[in-house]
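Now for the letters of each chain:
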Amino acid sequence: MEKSRGMPDFLLLFMTLTLVGFGIVMVFSASYILAYYDQNYQNDSLYFVKKQILWAFLGFAGMLFAMNVPYPVYKRNFSLIAVISLVLLFLVFTPLGMRINGARSWINLGFTLQPAEIAKLGLIIYLSGLIAKKKDRFRLWKIGLFPALAVTATFCLAIAAQPDFGTGAIVLLTAVVVMFSGGANLKHLGYLCLAGFLLMIAFALSEPYRVARLTTFWNPWNDGMNGLGTGYHLIQSLYAMGHGGIDGVGFGKSIQKFLYLPYPQTDFIFSVMAEEFGFVGCSLYILFFLLFLWRIIHITLKCEDIFGILVGIGVVSMISIQSLINIGGVTGTIPITGVPLPFISYGGSSLMVCMTSMGIILSISRESYKQKMLVKQTISS
């Protein structure tokens, strides 16, 4: 059976592993000071990087598994995948749920898992499968777009209730891109965007700390506490970037990670990158990342199945939107929402989902390669 399948896109596989490897290096550089001085991490400077390496191996196994499952299997089981994702989401509100940093976004299954990360990929597969099944009928409100909107709203509300504003925004924006690409009625999508925008505004204004987080980025020093109040996170991030300058201070030589910069291994890992590698290093990273996204798009456009195309579009949207939100937040371009930088930040759930997503894209590339070889054999015969 394996011989009948095509070869995966080795360039995408190499680029994925390169990003993961660079992420492990950056997790070590960003976290070893915090881990060494904090008793919660056993004063072990390698605490975070050892866990990240373990998650990377598990993510690699997930990527290999997803790559070797023919992608039509995901297409046939899109509803089941959505149900499993939703069940995991709602488990955070049961005794299995864990509250960390004010958000009830994790479950304890013997290991810590963040279901919202899995939900992002689950919703992409569901919407892609639904659109592929409905085809032209997807433009109709009752039998097409409404079921997609209902499921999307359920995912977003479950994530917002945790509360996790950043991930909820990523899920909503990714869903809009997939539905738009699938041919949804623009008027219906316009109503969705308007409703989603109003709900996010209402959610943001429901708590004073959320209002402060949304407004502080305009002027983080104007918080009435000489830079030690609501703007502290962003101020320390900007200090790191300013210290890095054009060419950086050198790998491992960041000053801000010495307990000044909060969450240097997760939300603010790009700030450490900027300080150590400077504008030049960050520009090279972003260039490589754009080439990585282009490679996914290239594979997606060669697929002849609408499901494969939409999954590829959804994965690119998910990764790029999350990256924009993370980098935009730490640079003061948009409010800080606390989402990890894909493939780079510390976090097992995020890394495993990103790598599994690449496995699905590689499965699509194998099928495209197989079809290409069949066409060549037909022509030659």
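Scroll up a little and you will see the structure.
Residues numbered from 1 in each chain as written. Predicted model: local features only at pLDDT ≥ 70, side-chain atom pairs only at ≥ 80, totals over all residues. Heavy atoms only, no water.

What follows deals with the layout of surface pockets. The space that makes up the second largest pocket amounts to roughly 520 Å³. In terms of lining residues, the second largest pocket is bounded by 22 residues, among which Tyr-74, Ile-81, Ile-118, Leu-121 and Thr-356 are the most central. For the lining of the second largest pocket, the secondary-structure elements that each account for two or more residues are α2 (47-68), α3 (72-76), α4 (78-90), α5 (115-134) and α13 (348-380). For the lining of the second largest pocket, the residue count by class is 16 nonpolar, six polar and no charged. (1 Å grid on protein atoms, 1.4 Å probe; cavity = no way out; pocket = protein on both sides within 12 Å on 5 of 7 lines; lining within 4 Å. Points joined across faces, edges and corners; volume = space filled by probe spheres on them. Helix = DSSP H or I, 4+ residues; strand = E, 2+ residues; numbered from the N terminus. Nonpolar A, V, L, I, M, F, W, Y, C, P; charged D, E, K, R; others polar.)

Looking now at unusual backbone geometry. The phi dihedral of Gln-42 falls on the positive side, at around 60°, and the residue is not glycine. Mapped onto the fold, Gln-42 is located in the loop between α1 (10-37) and α2. On the basis of relative accessible area, Gln-42 is assigned to the exposed category, the value being 56%. Despite not being glycine, Lys-135 has its phi angle at roughly 55°, a positive value. Along the chain, Lys-135 falls in the loop between α5 and α6 (141-160). (Buried < 20%, exposed > 50% of the residue type's maximum accessible area, 1.4 Å probe, protein only.)

Before going further, it helps to examine the pairing of strand β2 (residues 103-108). Pairing of strand β1 (residues 97-100) with β2, which is carried by three bridges, proceeds in the antiparallel orientation. Each residue of the ladder has a partner; that of Gly-97, found in β2, is Ile-107. Connecting β1 to the antiparallel partner β2 that follows it, the hairpin turn spans two residues, and Asn-101 within it adopts a positive phi of roughly 55°. As paired elements, β2 and strand β3 (residues 112-113) share two bridges and run antiparallel to each other. (Pairing = 2+ DSSP bridges.)

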